[in-house]
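Commentary on secondary and tertiary structure
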Amino acid sequence: MRKLTDINQVDFEKENGLVPAIIQDLKTAKVLMLGYMNKEALEKTLHTGKVTFFSRSKQRLWTKGETSENYLQLKSVAVDCDSDSLLVLVEPKGPTCHTGSDTCWDEINVNNIQFLSYLTQVIKERKQLPTDESYVARLFSKGINKVAQKVGEEAVEVVIEAKDNDEKLFLNESADLLFHLMMLLEAKGYTLNEVVSILKERHDK
């Protein structure tokens, strides 16, 4: 992804000062809407952290959520290969569409599998930039053997809960196992995506 590092990377001259901006949820990868930005709208977006567009009908800047308070919290901006369109990753604060729908295509903004990719990145960041408050950082600091041991402990808990009929406990222990497995993969320099690729290869045979 070609991340925007300088506003001058964007060619605003091709389309009379405007570029299309595709808005995508960082966590679910759902495309939420399409808007247009001029240079001032992009500058305000980067400065405030709230996505701002140029309204072609009202001929002015407008910040998404300025009336509804359903803001689009900026996470990052990427520019395409021709420098004339933007991919804006956001965290939506409520429905995006003016109709009340999650997206302007009337979709439900849920993609739990994609969330694992986001969680993988969070684990990586907390390993690379540790803080005392982070459980992930503290466990990584104890070494790979401790991480591996934790995976084993959680696997045992899953087996124990599988023998009972408490759905909540079983699913929570399963979540703990998956989370710690993702940590172990990171400790070894791999990702869950590489494991999924192996499953896909097996399926395709």
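Before going into details, it helps to say that this report is about the structure given with it. Note that the coordinates shown come from a computational prediction; the quantities given were computed from them, not determined experimentally. (Residues numbered from 1 in each chain as written. Predicted model: local features only at pLDDT ≥ 70, side-chain atom pairs only at ≥ 80, totals over all residues. Heavy atoms only, no water.)

The volume enclosed by the largest pocket comes to roughly 490 Å³. Contributing elements (two or more residues each) for the lining of the largest pocket: strand 2 (31-37), strand 3 (52-55) and strand 4 (60-63). When residues of the lining of the largest pocket are assigned to their parent elements, the largest contribution, four residues, is made by strand 2. Residue composition of the lining of the largest pocket, grouped by class: nine nonpolar, ten polar and five charged. Roughly 280 Å³ of internal volume is contained in the second largest pocket. Surrounding the second largest pocket, Met1, Lys3, Leu26, Lys75, Ser76, Leu89, Gln114, Ser117, Tyr118, Gln121, Val122 and Glu125 form its lining. Counting only elements with at least two residues in the lining of the second largest pocket, the list comes to strand 5 (72-79) and helix 2 (112-128). (1 Å grid on protein atoms, 1.4 Å probe; cavity = no way out; pocket = protein on both sides within 12 Å on 5 of 7 lines; lining within 4 Å. Points joined across faces, edges and corners; volume = space filled by probe spheres on them. Helix = DSSP H or I, 4+ residues; strand = E, 2+ residues; numbered from the N terminus. Nonpolar A, V, L, I, M, F, W, Y, C, P; charged D, E, K, R; others polar.)

Turning our eyes to something else, we now look at the sheet that holds strand 2. Ordered in space as 2-1-6-5, the four strands form an open sheet in which the pairing is mixed. Each edge of the sheet is formed by a strand with only one pairing partner; in this case those strands are strand 2 and strand 5. This sheet shows a mean twist of 30 degrees between the axes of neighbouring strands, independent of strand direction. With six bridges connecting them, strand 1 (residues 19-25) and strand 2 associate as antiparallel partners. Bridge assignment links Ala21 to a residue of strand 2, and that residue is Gly35. Contacting strand 2, strand 5 and strand 6 (86-92), helix 1 (residues 39-48) runs over the sheet at an angle of about 125 degrees to strand 2. (Pairing = 2+ DSSP bridges. Axes fitted to C-alpha atoms, helices over the stretch in contact; angles between N-to-C directions. Contact = heavy atoms within 4.5 Å.)

Moving on, we come to the packing of helix 4 (residues 144-162) against helix 5 (residues 167-188). Viewed as axis vectors pointing N to C, helix 4 and helix 5 meet at an angle of 160 degrees, and their least axial separation amounts to 8 Å. It follows from the interaxial angle that helix 4 and helix 5 lie roughly antiparallel. Our pair here, helix 4 against helix 5, has a crossing hand that is left-handed. Residues Ile144, Val147, Ala148, Lys150, Val151, Glu154, Ala155, Glu157, Val158, Glu161 and Ala162 of helix 4 lie in contact with helix 5, whose contacting residues are Leu169, Phe170, Glu173, Ser174, Asp176, Leu177, His180, Leu181, Met183, Leu184, Ala187 and Lys188. (Parallel < 35°, antiparallel > 145°, perpendicular 65-115°, else oblique. Left-handed = near helix turned anticlockwise from the far one by under 90°.)

Bringing unusual backbone geometry into the picture now. We note that Asn16 has phi near 55 degrees; this positive angle belongs to a residue other than glycine. Along the chain, the position of Asn16 falls in the segment before strand 1. In this structure Asn16 comes out as exposed when scored by relative accessible area, which is 77%. For Gln59, which is not a glycine, the phi torsion comes out positive at approximately 55 degrees. Positionally, Gln59 belongs in the loop between strand 3 and strand 4. (Buried < 20%, exposed > 50% of the residue type's maximum accessible area, 1.4 Å probe, protein only.)

Let's shift gears to the side chain of Glu161. Among the structural elements, Glu161 can be located in helix 4. For the buried Glu161, no salt bridge is present, and the opposite-charge side chain at shortest range is Lys163, 11 Å distant. Excluding anything up to four places from it in sequence, Glu161 contacts Leu169, Phe170 and Glu173. (Lys, Arg positive; Asp, Glu negative; His and termini not counted. Salt bridge = Lys/Arg side-chain N within 4 Å of Asp/Glu carboxyl O.)

Turning our attention to the nonpolar core. If you look at soluble globular proteins, the nonpolar side chains tend to sit buried side by side. Counting 21 residues, the largest nonpolar core has Ile23, Met37, Leu86 and Val88 as the members making the most contacts within it. Take this core: its biggest share by element is four residues, from strand 5. Ignoring anything within four residues of it in the chain, the contact list for Ile23 reads Lys30, Val31, Leu32, Met33, Val51, Phe53, Leu72, Val88 and Val90. If you look at the next biggest cluster of nonpolar residues, it comprises twelve residues, including Leu119, Ile123, Met182 and Leu192. (Core = buried A, V, L, I, M, F, W, Y, C linked by side-chain atoms within 4.5 Å.)

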